[in-house]
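# Summary of structural features
Next come the chains, spelled out residue by residue.
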Amino acid sequence: MSFRWDIIFEYAPFLLKGTLLTIGLSVSSILIGTFLGLLIGLGKIIRNKVLAFPFYCYVTVFRGTPLLVQIFLIHFGVVPFFTGETNAVAAGVIALSLNAAAYIAEIFRAGIQSIDKGQTEGSRSLGMTHAQTMIHVVLPQAFKRMIPPLGNEFIVLLKDSSLLCVIAAPELMYWGKAMGSQYFKVWEPYLACAFIYLFLTLILSFVLNRLERRLKTE
Amino acid sequence: MIKVENLKKSFGNNEVLKNINAIVSPQEVVVVIGPSGSGKSTFLRCINQLETITGGHIYIEGLDTTDKKVNINKVRTEVGMVFQHFNLFPHKTVLENIMLAPLKVRKVSKEQASQKGMELLKKVGLAEKAKAYPDSLSGGQKQRVAIARALAMEPKIMLFDEPTSALDPEMVGEVLEVMKQLAKEGMTMVVVTHEMGFAKEVGDRVIFMDEGYIIEENIPSEIFDNPQQERTKAFLSKVL
């Protein structure tokens, strides 16, 4: 049995197309998920238990159920319910964003609560409001501490986007599977996919490392 | 200037302040002393309501700041506070620390804030540290920046919560020096401290607290040389 480089080259344009979609899905889900995660994280630390309750529920549900189940529900249920038809890419972004938001909310909450209470007191004692204190004092410091766990989450999200092949979103893994079934091959398509994913996560961690270093004071 | 009436504060079932009454006049320097756990820091933190009070009233320039309708953020712009652990913002430079609140709360221009900030840094003798980050400063320097930061809001009253307790002994002097200067300029000050020398030299009045009560208050010479209460005597015999 020989390794068939030729079928990898034949599929290269499709793998490239898939990779671009994987990047697109991941980047948009990271952005939307981070934004939602911030809101949910802030919601969870509201002192009023009644107001904080929906945010608790959100995190519990999206963290407590498998992403694959969420993908199916959103693809075959939620998206058709609102638009009348299925749309794998839209469902993919929604599922990945909502799922990541639950984890990112916890990262934000932990980051915010890790900032010494004295920072808030120092800021409030100067007459700054709660919101100003959050924006100018707590969040910038919390964000720095959140970069390593956020990086983890982004890497997980990027890899989890491969699950979207089950709803036929034409991302990287989808084309890998297509190649595998056309030629009845295992190593060529899946190793090719694995290498591309590895390459993408390496770039992502490089970018995050740079960001972390740039935000260091002193 | 400040009038505290029947102030009570509990943490859960633990009553830390039991009916405190006090008055601070304009330009007066009031020093609060007492053993740890006596409630003196809590008393100070109640004045600008970093602690929500359990009962009583606090009037600042005649305004009942415990009234729910009063905007406490507005009150706090008039009452500066300096903390034991400085609470400088580590992600901002020294000058940015000082400029932040004037920019965001007073809405002054950047030029104005920076000019005022540099003035204050000169006053506390740290103009050359404007662009440094707090982490690179010594404790004494940090505390002087914290004082400058509070002064940037041009408060009418300054609260000091054990400002020298977290400092190495050789740095206590430089911070006390700045505070003395401030007192000389006529700032109204309430100072919680263990520095009895400062209390004697700078204080107009000394309040001795224990177990949530004000036990005794008087001018420094009377408190230190002629204490009336047994508990005051016992405390002073240990610290002097």
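Turning to the overall build of chain A, a few remarks are in order. Counting its secondary structure elements, chain A contains eight helices and zero strands. Start at the N end of chain A and walk to the C end: the helices and strands fall as α-α-α-α-α-α-α-α. Along the first, second and third principal axes, the C-alpha atoms of chain A reach 70 × 45 × 25 Å. Within chain A, the fraction of its 218 residues that count as buried is 45%. Sequence-distant contacts in chain A: of pairs separated by 6 or more residues, those separated by 24 or more amount to 75%. Of the roughly 11,600 Å² of accessible surface on chain A, a fraction of 71% belongs to carbon and sulfur atoms. For chain A, the centre of its 18 positive side-chain charges and the centre of its 12 negative side-chain charges are spaced 8 Å apart.

Quick look at the overall build of chain B now. The number of helices and strands found in chain B is nine helices and 10 strands. Its C-alpha atoms give chain B a radius of gyration of 18 Å, within 12% of the compact-globule value 18 Å for 240 residues. Its C-alpha atoms give chain B principal-axis dimensions of about 55 × 45 × 30 Å. Buried residues in chain B amount to 55% of all 240 residues. Counting only contacts in chain B whose residues sit at least 6 apart along the sequence, the fraction spanning at least 24 positions is 65%.

Residue and element names in this part refer to chain B. Pairing analysis gives five bridges linking strand β1 (residues 2–11) to strand β4 (residues 55–60), with the strands arranged antiparallel. Residue pairing across strands places E5 opposite H57, the latter belonging to β4. The loop that links β4 with its antiparallel partner strand β5 (residues 63–64) comprises two residues; one of these, E61, has a positive phi angle of about 50 degrees.

All names here are of chain A. The N-to-C vectors of helix α6 (residues 130–160) and helix α8 (residues 187–214) enclose an angle of 160 degrees; their axes lie 10 Å apart at closest approach. Considering their axes alone, α6 and α8 lie roughly antiparallel with respect to each other. For the crossing formed where α6 meets α8, the hand is right-handed. Contacts between α6 and α8 involve I147, P148, G151, F154, I155, L158 and K159 from the former and Y197, L200, T201, L204, S205, L208, L211 and E212 from the latter. Its residues assigned to classes, the contact of α6 with α8 comprises 10 nonpolar, three polar and two charged.

Further remarks concern the packing of helix α3 (residues 94–106) of chain B against helix α4 (residues 110–123) of chain B. Residue and element names in this part refer to chain B. Two numbers describe how α3 lies on α4: the axes approach to 9 Å, and their chain directions differ by 130 degrees. Here α3 is positioned oblique relative to α4, judged by the angle of their axes. The element α3 and its partner α4 pack so that their crossing is right-handed. Taken together, the residues of α4 that come into contact with α3 (itself represented by V94, L95, I98, M99 and L103) are K110, A113, S114, G117, M118, L120 and L121. Residue composition of the contact of α3 with α4, grouped by class: nine nonpolar, two polar and one charged.

So, about the nonpolar core. Ranked by internal contacts, the top residues of the largest apolar core, which has 50 residues, are L121, I147, M158, F160, M179 and M189 of chain B. Those residues in contact with M179 of chain B, other than ones at most four positions away along the chain, are I147, F160, P163, M189, V191 and F198 of chain B. In terms of nonpolar packing, the next biggest core, distinct from the first, is built from 31 residues, I107, A142, I155 and Y197 of chain A among them.

Bringing the sheet that holds β5 of chain B into the picture now. Residue and element names in this part refer to chain B. Read across the open sheet, the four strands follow the order β2-β1-β4-β5; overall the sheet is antiparallel. The sheet terminates laterally at β2 (14–24) and β5, the two strands that pair on one side only. Packing against the sheet, helix α1 (residues 40–47) makes contact with β1, β2 and β4, and its axis sits at approximately 120 degrees to β1.

Moving on, we get to the confidence of the model for chain B. Any region with low pLDDT has predicted coordinates that should not be read closely. Considering every residue of chain B, the mean pLDDT works out to 95; 100% of them sit at 70 or more. In the model output, the complex is listed with pTM 0.85 alongside ipTM 0.92.

This part takes up a positive patch on the surface. A cluster of basic residues, R210, R213, R214 and K216 of chain A, forms a positive patch at the surface. Secondary-structure assignment places R213 of chain A in helix α8.

About the criteria used
- Residues numbered from 1 in each chain as written.
- Chains lettered and ligands numbered in written order.
- Predicted model: local features only at pLDDT ≥ 70, side-chain atom pairs only at ≥ 80, totals over all residues.
- Heavy atoms only, no water.
- Helix = DSSP H or I, 4+ residues; strand = E, 2+ residues; numbered from the N terminus.
- Buried < 20%, exposed > 50% of the residue type's maximum accessible area, 1.4 Å probe, protein only.
- Contact = heavy atoms within 4.5 Å.
- Areas by Shrake-Rupley, 256 points an atom, 1.4 Å probe, with all protein chains shown as cover.
- Lys, Arg positive; Asp, Glu negative; His and termini not counted.
- Charge placed at Lys NZ, Arg CZ, Asp CG, Glu CD.
- Rg over C-alpha atoms; globule rule 2.2 N^0.38 Å.
- Pairing = 2+ DSSP bridges.
- Axes fitted to C-alpha atoms, helices over the stretch in contact; angles between N-to-C directions.
- Parallel < 35°, antiparallel > 145°, perpendicular 65-115°, else oblique.
- Left-handed = near helix turned anticlockwise from the far one by under 90°.
- Nonpolar A, V, L, I, M, F, W, Y, C, P; charged D, E, K, R; others polar.
- Core = buried A, V, L, I, M, F, W, Y, C linked by side-chain atoms within 4.5 Å.
- pLDDT = per-residue confidence, 0-100.
- Patch = residues over 30% accessible without salt bridge, like charges linked within 9 Å, V, L, I, M, F, W, Y side chains within 5 Å.
- Salt bridge = Lys/Arg side-chain N within 4 Å of Asp/Glu carboxyl O.

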